[in-house]
Amino acid sequence: MKLDRVVLRHLQMKQKSPFSTSYGTFTTKDFILVEAIDEDGITGWGEGVAFHVPWYTEETVKTSWHMLEDFLLPLAFNSPFEHPDELNTRFSFIKKNNMAKAAIEGAVWDLYSKRKGISLSQALGGKKKSIEAGIAIGIQKTTDDLLRIIDKYAVEGYRRMKIKIKPGLDVELIAAIRKQFPTIPLMADANSAYTLADIDLLKELDQYGLMMIEQPLGSDDIIDHATLQAQIQTPICLDESILSIEDTRKAIELGSCKVINVKIGRVGGLSEAIKIHDLCKEREIPVWCGGMLEAGVGRAHNIAITSLENFTMPGDTAGSSHYWERDIIDPEVEVKNGLITVPEQPGIGYEVNRKMVDYYTVKARTFRGAAK
Ligand SMILES: O=C(O)CCC(=O)C1=CC=C[C@@H](O)[C@@H]1C(=O)O
Ligand SMILES: [Mg+2]
(Lines give C-alpha, C1' and ligand atoms only; values in the text may rest on other atoms or scores of the structure.)
(Ligands and ions follow the chains in the order given, each with its own letter.)
Protein backbone atom coordinates (compact mmCIF):
# COMPACT_ATOMS: atom_id res chain seq x y z
CA MET A 1 0.00 0.00 0.00
CA LYS A 2 1.36 3.42 -0.96
CA LEU A 3 -0.23 6.74 -0.09
CA ASP A 4 -0.67 9.17 -2.97
CA ARG A 5 -2.16 12.09 -1.04
CA VAL A 6 -3.80 13.00 2.23
CA VAL A 7 -6.43 15.69 2.72
CA LEU A 8 -6.58 17.22 6.18
CA ARG A 9 -9.76 19.10 7.02
CA HIS A 10 -10.59 21.05 10.15
CA LEU A 11 -14.32 20.60 10.80
CA GLN A 12 -16.46 22.49 13.25
CA MET A 13 -19.80 20.99 14.33
CA LYS A 14 -22.19 22.59 16.77
CA GLN A 15 -23.31 20.09 19.40
CA LYS A 16 -27.02 19.58 20.03
CA SER A 17 -26.37 20.21 23.71
CA PRO A 18 -23.37 21.33 25.80
CA PHE A 19 -21.23 18.62 27.43
CA SER A 20 -19.89 19.59 30.88
CA THR A 21 -17.26 17.77 32.93
CA SER A 22 -15.26 18.54 36.07
CA TYR A 23 -12.84 20.57 33.92
CA GLY A 24 -15.07 22.52 31.53
CA THR A 25 -17.90 22.65 28.99
CA PHE A 26 -17.88 21.81 25.27
CA THR A 27 -20.53 23.35 23.01
CA THR A 28 -18.86 22.97 19.62
CA LYS A 29 -16.72 20.13 18.39
CA ASP A 30 -13.64 21.06 16.38
CA PHE A 31 -11.68 18.17 14.92
CA ILE A 32 -9.46 17.00 12.09
CA LEU A 33 -10.90 14.69 9.46
CA VAL A 34 -8.24 12.72 7.56
CA GLU A 35 -8.82 11.44 4.05
CA ALA A 36 -5.97 9.19 2.85
CA ILE A 37 -5.92 8.21 -0.83
CA ASP A 38 -3.64 5.47 -2.12
CA GLU A 39 -2.01 5.08 -5.53
CA ASP A 40 -5.05 3.14 -6.81
CA GLY A 41 -7.42 5.95 -5.81
CA ILE A 42 -8.93 4.08 -2.83
CA THR A 43 -9.87 6.33 0.11
CA GLY A 44 -9.63 5.72 3.85
CA TRP A 45 -11.04 7.96 6.57
CA GLY A 46 -9.74 8.80 10.03
CA GLU A 47 -10.88 11.27 12.68
CA GLY A 48 -8.64 13.15 15.08
CA VAL A 49 -10.15 13.28 18.57
CA ALA A 50 -8.11 16.13 20.08
CA PHE A 51 -10.35 18.99 21.21
CA HIS A 52 -9.70 22.68 20.51
CA VAL A 53 -8.53 23.08 24.14
CA PRO A 54 -6.00 20.91 26.05
CA TRP A 55 -8.35 20.00 28.91
CA TYR A 56 -8.61 16.27 28.51
CA THR A 57 -5.01 15.69 27.38
CA GLU A 58 -2.33 18.10 26.20
CA GLU A 59 -3.21 17.75 22.50
CA THR A 60 -5.37 20.20 20.56
CA VAL A 61 -6.63 20.47 16.98
CA LYS A 62 -3.74 22.81 16.20
CA THR A 63 -1.04 20.62 17.75
CA SER A 64 -2.46 17.62 15.86
CA TRP A 65 -2.39 19.51 12.56
CA HIS A 66 1.22 20.54 13.21
CA MET A 67 2.28 16.99 14.09
CA LEU A 68 0.53 15.56 11.05
CA GLU A 69 1.85 18.17 8.62
CA ASP A 70 5.43 18.36 9.85
CA PHE A 71 6.18 14.85 11.14
CA LEU A 72 3.57 12.13 10.70
CA LEU A 73 2.46 12.59 7.09
CA PRO A 74 6.07 12.72 5.81
CA LEU A 75 6.69 9.42 7.64
CA ALA A 76 3.51 7.92 6.22
CA PHE A 77 4.47 9.02 2.67
CA ASN A 78 8.05 7.89 3.12
CA SER A 79 7.72 4.34 1.78
CA PRO A 80 5.02 1.75 1.03
CA PHE A 81 3.72 -0.51 3.79
CA GLU A 82 1.97 -3.88 3.93
CA HIS A 83 -0.02 -3.40 7.11
CA PRO A 84 -1.21 -0.45 9.26
CA ASP A 85 0.80 -1.83 12.23
CA GLU A 86 3.89 -0.59 10.39
CA LEU A 87 2.77 3.00 10.89
CA ASN A 88 2.56 2.44 14.63
CA THR A 89 6.20 1.27 14.53
CA ARG A 90 7.25 4.09 12.19
CA PHE A 91 5.73 6.68 14.52
CA SER A 92 7.11 5.16 17.71
CA PHE A 93 10.19 7.42 17.97
CA ILE A 94 7.92 10.47 18.08
CA LYS A 95 6.93 11.10 21.68
CA LYS A 96 3.21 11.00 22.57
CA ASN A 97 0.92 13.10 20.31
CA ASN A 98 -1.19 9.96 20.29
CA MET A 99 -4.35 11.55 18.90
CA ALA A 100 -2.50 12.93 15.89
CA LYS A 101 -0.91 9.50 15.26
CA ALA A 102 -4.27 7.75 15.60
CA ALA A 103 -5.94 10.11 13.11
CA ILE A 104 -3.75 9.08 10.15
CA GLU A 105 -3.34 5.49 11.34
CA GLY A 106 -7.16 5.17 11.48
CA ALA A 107 -7.49 6.38 7.89
CA VAL A 108 -4.89 3.80 6.84
CA TRP A 109 -6.74 1.00 8.69
CA ASP A 110 -9.92 1.94 6.77
CA LEU A 111 -7.96 1.98 3.52
CA TYR A 112 -6.32 -1.36 4.32
CA SER A 113 -9.63 -3.08 5.03
CA LYS A 114 -11.21 -1.60 1.88
CA ARG A 115 -8.28 -2.89 -0.20
CA LYS A 116 -8.82 -6.35 1.33
CA GLY A 117 -12.58 -6.14 0.77
CA ILE A 118 -13.31 -6.81 4.44
CA SER A 119 -14.94 -4.77 7.19
CA LEU A 120 -12.76 -2.80 9.58
CA SER A 121 -14.19 -4.93 12.38
CA GLN A 122 -12.98 -8.09 10.60
CA ALA A 123 -9.57 -6.54 9.89
CA LEU A 124 -9.18 -5.78 13.60
CA GLY A 125 -10.18 -9.32 14.62
CA GLY A 126 -13.69 -8.40 15.81
CA LYS A 127 -16.24 -11.18 16.21
CA LYS A 128 -19.40 -9.44 17.47
CA LYS A 129 -22.23 -8.70 15.03
CA SER A 130 -23.69 -6.02 17.28
CA ILE A 131 -22.43 -4.04 20.25
CA GLU A 132 -24.09 -2.74 23.39
CA ALA A 133 -24.38 1.04 23.58
CA GLY A 134 -23.88 3.09 26.71
CA ILE A 135 -24.29 6.82 27.07
CA ALA A 136 -22.22 9.53 28.79
CA ILE A 137 -24.22 12.36 30.34
CA GLY A 138 -22.50 15.63 31.18
CA ILE A 139 -23.00 17.64 34.37
CA GLN A 140 -26.51 19.16 34.40
CA LYS A 141 -27.83 22.35 36.02
CA THR A 142 -30.01 20.47 38.54
CA THR A 143 -30.37 16.95 39.87
CA ASP A 144 -33.93 16.86 38.51
CA ASP A 145 -32.62 17.62 35.02
CA LEU A 146 -30.17 14.72 35.33
CA LEU A 147 -32.86 12.33 36.59
CA ARG A 148 -35.12 13.25 33.65
CA ILE A 149 -32.30 12.66 31.17
CA ILE A 150 -31.39 9.29 32.70
CA ASP A 151 -35.03 8.26 32.49
CA LYS A 152 -35.19 9.25 28.81
CA TYR A 153 -32.09 7.21 27.93
CA ALA A 154 -33.25 4.23 29.98
CA VAL A 155 -36.49 4.24 27.99
CA GLU A 156 -34.47 4.45 24.76
CA GLY A 157 -32.71 1.24 25.84
CA TYR A 158 -29.15 2.41 26.58
CA ARG A 159 -27.34 -0.37 28.43
CA ARG A 160 -25.23 1.79 30.74
CA MET A 161 -25.41 5.35 32.07
CA LYS A 162 -22.22 7.26 32.78
CA ILE A 163 -22.53 10.45 34.77
CA LYS A 164 -19.86 13.03 35.51
CA ILE A 165 -18.98 13.88 39.11
CA LYS A 166 -16.77 16.46 40.81
CA PRO A 167 -16.21 17.61 44.41
CA GLY A 168 -19.50 18.97 45.73
CA LEU A 169 -21.48 17.05 43.14
CA ASP A 170 -20.98 13.43 44.01
CA VAL A 171 -22.39 11.38 46.92
CA GLU A 172 -25.74 13.18 47.19
CA LEU A 173 -26.17 13.17 43.44
CA ILE A 174 -25.51 9.44 43.18
CA ALA A 175 -27.80 8.77 46.16
CA ALA A 176 -30.59 10.68 44.38
CA ILE A 177 -30.08 8.65 41.19
CA ARG A 178 -30.08 5.37 43.10
CA LYS A 179 -33.30 6.35 44.91
CA GLN A 180 -35.11 6.70 41.61
CA PHE A 181 -33.20 4.02 39.65
CA PRO A 182 -32.06 1.38 42.19
CA THR A 183 -30.72 -1.12 39.64
CA ILE A 184 -29.83 0.85 36.54
CA PRO A 185 -26.26 0.08 35.26
CA LEU A 186 -24.57 3.24 36.48
CA MET A 187 -21.00 4.53 36.61
CA ALA A 188 -19.35 7.84 37.46
CA ASP A 189 -16.47 9.62 35.72
CA ALA A 190 -14.49 12.13 37.82
CA ASN A 191 -11.91 13.20 35.22
CA SER A 192 -9.19 13.38 37.91
CA ALA A 193 -11.12 15.75 40.19
CA TYR A 194 -10.12 14.05 43.49
CA THR A 195 -6.99 13.24 45.49
CA LEU A 196 -6.23 10.64 48.16
CA ALA A 197 -7.29 13.26 50.71
CA ASP A 198 -10.85 12.51 49.52
CA ILE A 199 -10.60 8.81 50.35
CA ASP A 200 -13.42 8.83 52.94
CA LEU A 201 -15.79 10.41 50.46
CA LEU A 202 -14.78 7.95 47.74
CA LYS A 203 -15.34 5.04 50.16
CA GLU A 204 -18.90 6.29 50.69
CA LEU A 205 -19.62 5.62 47.02
CA ASP A 206 -19.24 1.86 47.65
CA GLN A 207 -22.80 1.65 48.97
CA TYR A 208 -24.37 2.61 45.62
CA GLY A 209 -23.41 -0.41 43.51
CA LEU A 210 -21.66 1.56 40.79
CA MET A 211 -20.29 -0.53 37.90
CA MET A 212 -17.08 1.47 38.33
CA ILE A 213 -15.62 4.88 39.04
CA GLU A 214 -13.61 6.30 36.15
CA GLN A 215 -10.34 8.18 36.69
CA PRO A 216 -11.01 9.52 40.20
CA LEU A 217 -7.39 10.66 40.81
CA GLY A 218 -4.54 12.37 38.90
CA SER A 219 -4.63 12.19 35.12
CA ASP A 220 -1.11 10.69 34.96
CA ASP A 221 -1.31 8.63 38.14
CA ILE A 222 -1.26 4.87 38.68
CA ILE A 223 0.30 4.81 42.18
CA ASP A 224 -2.40 6.60 44.17
CA HIS A 225 -5.07 4.76 42.21
CA ALA A 226 -3.55 1.48 43.46
CA THR A 227 -3.73 2.75 47.05
CA LEU A 228 -7.35 3.79 46.51
CA GLN A 229 -8.37 0.55 44.75
CA ALA A 230 -7.07 -1.46 47.71
CA GLN A 231 -9.45 0.44 50.00
CA ILE A 232 -12.67 0.62 47.98
CA GLN A 233 -14.98 -2.07 46.62
CA THR A 234 -16.07 -0.11 43.54
CA PRO A 235 -13.88 -1.08 40.58
CA ILE A 236 -11.64 1.74 39.37
CA CYS A 237 -11.56 2.27 35.61
CA LEU A 238 -8.57 4.13 34.22
CA ASP A 239 -8.98 6.53 31.32
CA GLU A 240 -6.49 9.46 31.15
CA SER A 241 -3.66 7.47 32.84
CA ILE A 242 -3.46 4.81 30.12
CA LEU A 243 -1.61 5.95 27.00
CA SER A 244 -0.01 2.68 25.90
CA ILE A 245 0.34 -1.07 26.34
CA GLU A 246 3.17 -0.41 28.82
CA ASP A 247 0.95 1.86 30.95
CA THR A 248 -1.66 -0.90 30.86
CA ARG A 249 0.77 -3.57 32.02
CA LYS A 250 2.04 -1.41 34.88
CA ALA A 251 -1.45 -0.42 36.03
CA ILE A 252 -2.58 -4.05 36.07
CA GLU A 253 0.54 -5.19 37.92
CA LEU A 254 0.17 -2.45 40.52
CA GLY A 255 -3.55 -3.14 40.99
CA SER A 256 -4.42 0.44 40.02
CA CYS A 257 -7.67 -0.53 38.30
CA LYS A 258 -10.06 -3.39 37.54
CA VAL A 259 -11.37 -2.01 34.25
CA ILE A 260 -9.82 -0.03 31.37
CA ASN A 261 -11.45 2.52 29.11
CA VAL A 262 -9.79 2.16 25.70
CA LYS A 263 -9.94 5.32 23.61
CA ILE A 264 -8.32 4.76 20.23
CA GLY A 265 -6.98 8.32 20.04
CA ARG A 266 -5.63 8.42 23.57
CA VAL A 267 -3.54 5.27 23.04
CA GLY A 268 -2.18 6.28 19.63
CA GLY A 269 -4.35 4.23 17.30
CA LEU A 270 -6.06 0.95 16.54
CA SER A 271 -2.86 -1.14 16.50
CA GLU A 272 -2.05 -0.14 20.11
CA ALA A 273 -5.73 -0.49 21.12
CA ILE A 274 -5.71 -4.13 19.93
CA LYS A 275 -2.55 -4.84 21.95
CA ILE A 276 -4.17 -3.34 25.06
CA HIS A 277 -7.32 -5.36 24.43
CA ASP A 278 -5.31 -8.59 24.11
CA LEU A 279 -3.27 -8.01 27.27
CA CYS A 280 -6.38 -7.12 29.27
CA LYS A 281 -8.11 -10.25 28.00
CA GLU A 282 -5.16 -12.37 29.13
CA ARG A 283 -5.20 -10.70 32.58
CA GLU A 284 -9.01 -10.87 32.87
CA ILE A 285 -9.48 -7.11 32.91
CA PRO A 286 -12.63 -6.08 31.01
CA VAL A 287 -12.36 -3.11 28.66
CA TRP A 288 -14.84 -0.77 26.99
CA CYS A 289 -14.54 1.91 24.34
CA GLY A 290 -14.52 5.49 25.55
CA GLY A 291 -15.98 8.31 23.49
CA MET A 292 -14.59 11.71 22.54
CA LEU A 293 -17.84 13.22 21.25
CA GLU A 294 -16.86 11.85 17.84
CA ALA A 295 -18.54 12.58 14.55
CA GLY A 296 -19.44 9.65 12.29
CA VAL A 297 -15.99 8.58 11.14
CA GLY A 298 -14.56 8.33 14.67
CA ARG A 299 -17.78 6.70 15.85
CA ALA A 300 -17.45 4.05 13.11
CA HIS A 301 -13.90 3.26 14.26
CA ASN A 302 -15.17 2.95 17.86
CA ILE A 303 -17.89 0.53 16.77
CA ALA A 304 -15.35 -1.60 14.91
CA ILE A 305 -12.94 -1.90 17.86
CA THR A 306 -15.83 -2.63 20.25
CA SER A 307 -16.61 -5.74 18.19
CA LEU A 308 -13.50 -7.40 19.73
CA GLU A 309 -14.50 -9.94 22.34
CA ASN A 310 -12.99 -8.45 25.52
CA PHE A 311 -14.99 -5.23 25.04
CA THR A 312 -17.47 -6.77 27.43
CA MET A 313 -18.94 -3.56 28.82
CA PRO A 314 -21.05 -0.99 26.95
CA GLY A 315 -18.99 2.03 25.84
CA ASP A 316 -19.65 5.74 25.25
CA THR A 317 -21.12 4.87 21.88
CA ALA A 318 -24.42 6.71 21.63
CA GLY A 319 -26.15 7.19 18.27
CA SER A 320 -25.34 10.10 15.92
CA SER A 321 -28.58 11.93 16.76
CA HIS A 322 -27.53 12.23 20.40
CA TYR A 323 -24.77 14.61 19.36
CA TRP A 324 -25.59 16.17 15.95
CA GLU A 325 -28.41 17.63 13.92
CA ARG A 326 -26.76 15.93 10.95
CA ASP A 327 -23.75 13.62 11.11
CA ILE A 328 -21.13 13.33 8.33
CA ILE A 329 -21.87 9.68 7.49
CA ASP A 330 -24.65 7.76 5.75
CA PRO A 331 -26.43 6.04 7.26
CA GLU A 332 -26.05 7.74 10.64
CA VAL A 333 -25.22 5.51 13.63
CA GLU A 334 -28.45 4.23 15.11
CA VAL A 335 -29.03 2.58 18.47
CA LYS A 336 -31.93 0.13 18.53
CA ASN A 337 -32.92 -1.48 21.80
CA GLY A 338 -29.51 -0.48 23.18
CA LEU A 339 -27.61 -2.18 20.35
CA ILE A 340 -25.63 -0.96 17.33
CA THR A 341 -25.19 -3.31 14.37
CA VAL A 342 -21.55 -3.71 13.37
CA PRO A 343 -21.33 -2.94 9.62
CA GLU A 344 -20.19 -5.77 7.36
CA GLN A 345 -19.32 -3.66 4.30
CA PRO A 346 -15.63 -3.08 3.51
CA GLY A 347 -13.80 -0.57 5.71
CA ILE A 348 -15.66 1.51 8.27
CA GLY A 349 -18.91 0.45 6.60
CA TYR A 350 -20.48 3.91 6.43
CA GLU A 351 -20.34 6.34 3.47
CA VAL A 352 -18.81 9.70 4.23
CA ASN A 353 -21.27 12.41 3.13
CA ARG A 354 -19.07 14.91 1.26
CA LYS A 355 -21.79 17.53 1.19
CA MET A 356 -21.97 17.53 4.98
CA VAL A 357 -18.17 17.41 5.24
CA ASP A 358 -17.92 20.53 3.06
CA TYR A 359 -20.64 22.21 5.10
CA TYR A 360 -18.68 21.76 8.36
CA THR A 361 -15.17 22.38 6.94
CA VAL A 362 -13.41 25.57 8.08
CA LYS A 363 -9.99 24.74 6.62
CA ALA A 364 -8.64 22.10 4.23
CA ARG A 365 -5.30 21.24 2.71
CA THR A 366 -4.00 18.47 0.48
CA PHE A 367 -0.56 16.96 1.11
CA ARG A 368 1.35 14.89 -1.42
CA GLY A 369 4.58 12.89 -1.30
CA ALA A 370 7.10 15.09 0.44
CA ALA A 371 4.26 17.04 2.20
CA LYS A 372 4.30 20.83 2.62
O1 LIG B 1 -18.29 10.65 23.59
C2 LIG B 1 -19.08 10.83 24.54
O3 LIG B 1 -20.28 10.53 24.47
C4 LIG B 1 -18.60 11.50 25.80
C5 LIG B 1 -17.56 10.72 26.47
C6 LIG B 1 -16.88 11.37 27.64
O7 LIG B 1 -17.29 11.12 28.73
C8 LIG B 1 -15.73 12.20 27.45
C9 LIG B 1 -15.58 12.96 26.35
C10 LIG B 1 -14.61 13.95 26.27
C11 LIG B 1 -13.73 14.17 27.28
C12 LIG B 1 -13.88 13.50 28.51
O13 LIG B 1 -14.38 14.28 29.53
C14 LIG B 1 -14.69 12.26 28.39
C15 LIG B 1 -14.19 11.20 29.30
O16 LIG B 1 -13.46 11.53 30.20
O17 LIG B 1 -14.43 10.01 29.14
MG1 LIG C 1 -13.24 9.61 31.21
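Note that the structure is predicted; figures quoted are calculated from it, not measured.

**Re the pattern of salt bridges**
Think of it this way: side chains of opposite charge can pair up when their charged atoms draw near.
Reasoning step 1: The full count for this structure, using the stated rule, is 25 salt bridges.
Reasoning step 2: Among the salt bridges present, the one from Lys275 reaches Glu272, with a minimum N-O distance of 3.5 Å. With a gap of three residues between them, Lys275 and Glu272 both fall in helix H10 (residues 270-282), about one helical turn apart.
Reasoning step 3: The class for Lys275 is partly exposed, based on a relative accessible area of 38%.
Reasoning step 4: On the basis of relative accessibility, which here comes to 9%, the residue Glu272 falls in the buried class.
Reasoning step 5: Residues joined in a network through salt bridges with shared partners are Arg160, Lys162, Lys164, Asp189, Glu214 and Asp316.

**Focus on the UniProt feature "domain: Mandelate racemase/muconate lactonizing enzyme C-terminal" (unreviewed entry) in the chain**
Reasoning step 1: The positions UniProt marks with the feature "domain: Mandelate racemase/muconate lactonizing enzyme C-terminal" (unreviewed entry) are residues 143-235.
Reasoning step 2: Between the end C-alpha atoms of residues 143-235 there is a gap of 24 Å, over a span that is 42% helix and 11% strand.

**Brief notes about helix H1 (residues 61-78)**
Reasoning step 1: Over its 18 residues, H1 runs 24 Å from end to end, which matches the ideal 26 Å to within 8%, given 1.5 Å per residue.
Reasoning step 2: At Leu68, H1 shows its maximal kink, close to 50°.
Reasoning step 3: For H1, the complete set of buried residues consists of Val61, Ser64, Trp65, Met67, Leu68, Glu69, Leu72, Leu73, Leu75, Ala76 and Phe77.
Reasoning step 4: Between the side-chain oxygen of the N-cap and the backbone nitrogen of Lys62 there are 3.3 Å, and the N-cap of H1 in question is Thr60.

**Some words on the packing of helix H9 (residues 245-254) against H10**
Reasoning step 1: Running from N to C, H9 and H10 point in directions that differ by 20°, and their axes come no closer than 9 Å. When the axis of H9 is compared with that of H10, the two are roughly parallel. In this structure, the crossing between H9 and H10 has a hand that is right-handed. Touching Ile245, Thr248, Arg249 and Ile252 of H9 are Glu272, Lys275, Ile276, Leu279 and Cys280, all from H10.
Reasoning step 2: When its residues are assigned to classes, the contact of H9 with H10 shows five nonpolar, one polar and three charged.

**Examining the site of ligand 1**
Reasoning step 1: Looking at ligand 1, there are 18 residues lining it, with Tyr23, Asn191, Lys263, Leu293 and Tyr323 nearest.
Reasoning step 2: Within the side chain of Asn191, a nitrogen or oxygen atom sits 2.7 Å from an oxygen atom of ligand 1.
Reasoning step 3: Note that an oxygen atom of ligand 1 is positioned 3.2 Å from one of the side-chain N or O atoms of Asp239.
Reasoning step 4: When the free accessible area of ligand 1 is taken as 400 Å², the share hidden by the protein chains comes to 100%.
Reasoning step 5: Judged by the fraction of its atoms near the pocket grid, ligand 1 is located in the largest pocket.
Reasoning step 6: Of all the secondary-structure elements, those providing two or more residues to the shell around ligand 1 are strand E1 (3-21) and strand E6 (161-164).

**Things to note about the nonpolar core**
Reasoning step 1: Among the nonpolar cores identified, the biggest contains 123 residues, and Leu3, Ile104, Ile163, Ile305 and Ile328 are the most heavily contacted of them.
Reasoning step 2: Both domains that meet at this core, namely domain 1 (3-117 + 351-368) and domain 2 (122-341), each give it at least three residues.

**Considering empty space enclosed by the protein**
Reasoning step 1: Inspection of every chain in the model, using the stated rule, returns three cavities of 30 Å³ or more.
Reasoning step 2: Taken as a whole, the largest cavity holds about 150 Å³ of empty space.
Reasoning step 3: Forming the walls of the largest cavity are 16 residues, and the residues nearest its centre are Glu47, Val49, Ile264, Gly265 and His301.
Reasoning step 4: Grouping the constituent residues of the lining of the largest cavity by class yields five nonpolar, eight polar and three charged.

**Things to note about the domain arrangement of the chain**
Reasoning step 1: Looking at the assigned domains, one finds that the chain contains domain 1 (3-117 + 351-368) and domain 2 (122-341).
Reasoning step 2: Distance from the C-alpha centre of domain 1 to the C-alpha centre of domain 2: 23 Å.
Reasoning step 3: Domain 1 puts 40 residues into the contact, and the matching count from domain 2 is 45 residues.
Reasoning step 4: Between domain 1 and domain 2, roughly 3,400 Å² of surface is buried when both sides are summed, and carbon and sulfur atoms account for 64% of that area.
Reasoning step 5: For the domain 1 face of the interface with domain 2, the top three residues by lost area are Lys16, Phe19 and Tyr56, together amounting to 20%.
Reasoning step 6: Summed over the shared surface of domain 1 and domain 2, the number is zero salt bridges.
Reasoning step 7: Linking domain 1 with domain 2 are 24 residue pairs in polar contact (both at pLDDT 80 or more).
Reasoning step 8: Mapped by element, the contributors of at least two residues to the side of domain 1 that touches domain 2 are E1, strand E2 (24-38), strand E3 (43-47), helix H2 (85-91), helix H3 (98-116), strand E14 (351-352) and helix H13 (354-360).
Reasoning step 9: At ten residues, H3 tops the list of elements feeding residues into the side of domain 1 that touches domain 2.
Reasoning step 10: For the side of domain 1 that touches domain 2, the per-class residue count stands at 21 nonpolar, ten polar and nine charged.

**Some thoughts on the environment of Ala300**
Reasoning step 1: In this fold, Ala300 is placed in helix H11 (residues 296-306).
Reasoning step 2: Of the residues examined, Ala300 reaches a relative accessible area of 2% and is grouped as buried.
Reasoning step 3: As a C-alpha pair, Ala300 and Glu47 span 253 residues in sequence and 9.8 Å in three-dimensional space.
Reasoning step 4: When sequence neighbours within four positions are dropped, the list of residues in contact with Ala300 reads Ile348 and Tyr350.

What counts as what
Residues numbered from 1 in each chain as written. Chains lettered and ligands numbered in written order. Predicted model: local features only at pLDDT ≥ 70, side-chain atom pairs only at ≥ 80, totals over all residues. Heavy atoms only, no water. Salt bridge = Lys/Arg side-chain N within 4 Å of Asp/Glu carboxyl O. Helix = DSSP H or I, 4+ residues; strand = E, 2+ residues; numbered from the N terminus. Buried < 20%, exposed > 50% of the residue type's maximum accessible area, 1.4 Å probe, protein only. UniProt positions renumbered as here; feature names shortened; annotations may be inferred. Expected span 1.5 Å × (residues − 1). Bend = angle between axes of the 7 residues up to and from the residue. Polar contact = N/O pair within 3.5 Å; in protein donor to acceptor, adjacent residues only side chain to side chain. Axes fitted to C-alpha atoms, helices over the stretch in contact; angles between N-to-C directions. Parallel < 35°, antiparallel > 145°, perpendicular 65-115°, else oblique. Left-handed = near helix turned anticlockwise from the far one by under 90°. Contact = heavy atoms within 4.5 Å. Nonpolar A, V, L, I, M, F, W, Y, C, P; charged D, E, K, R; others polar. Near = heavy atom within 4 Å. Areas by Shrake-Rupley, 256 points an atom, 1.4 Å probe, with all protein chains shown as cover. 1 Å grid on protein atoms, 1.4 Å probe; cavity = no way out; pocket = protein on both sides within 12 Å on 5 of 7 lines; lining within 4 Å. Sits in = over half its atoms within 2 Å of the grid points. Core = buried A, V, L, I, M, F, W, Y, C linked by side-chain atoms within 4.5 Å. Domains from an automatic or database assignment. Points joined across faces, edges and corners; volume = space filled by probe spheres on them. Buried area = accessible area lost by both parts, 1.4 Å probe.

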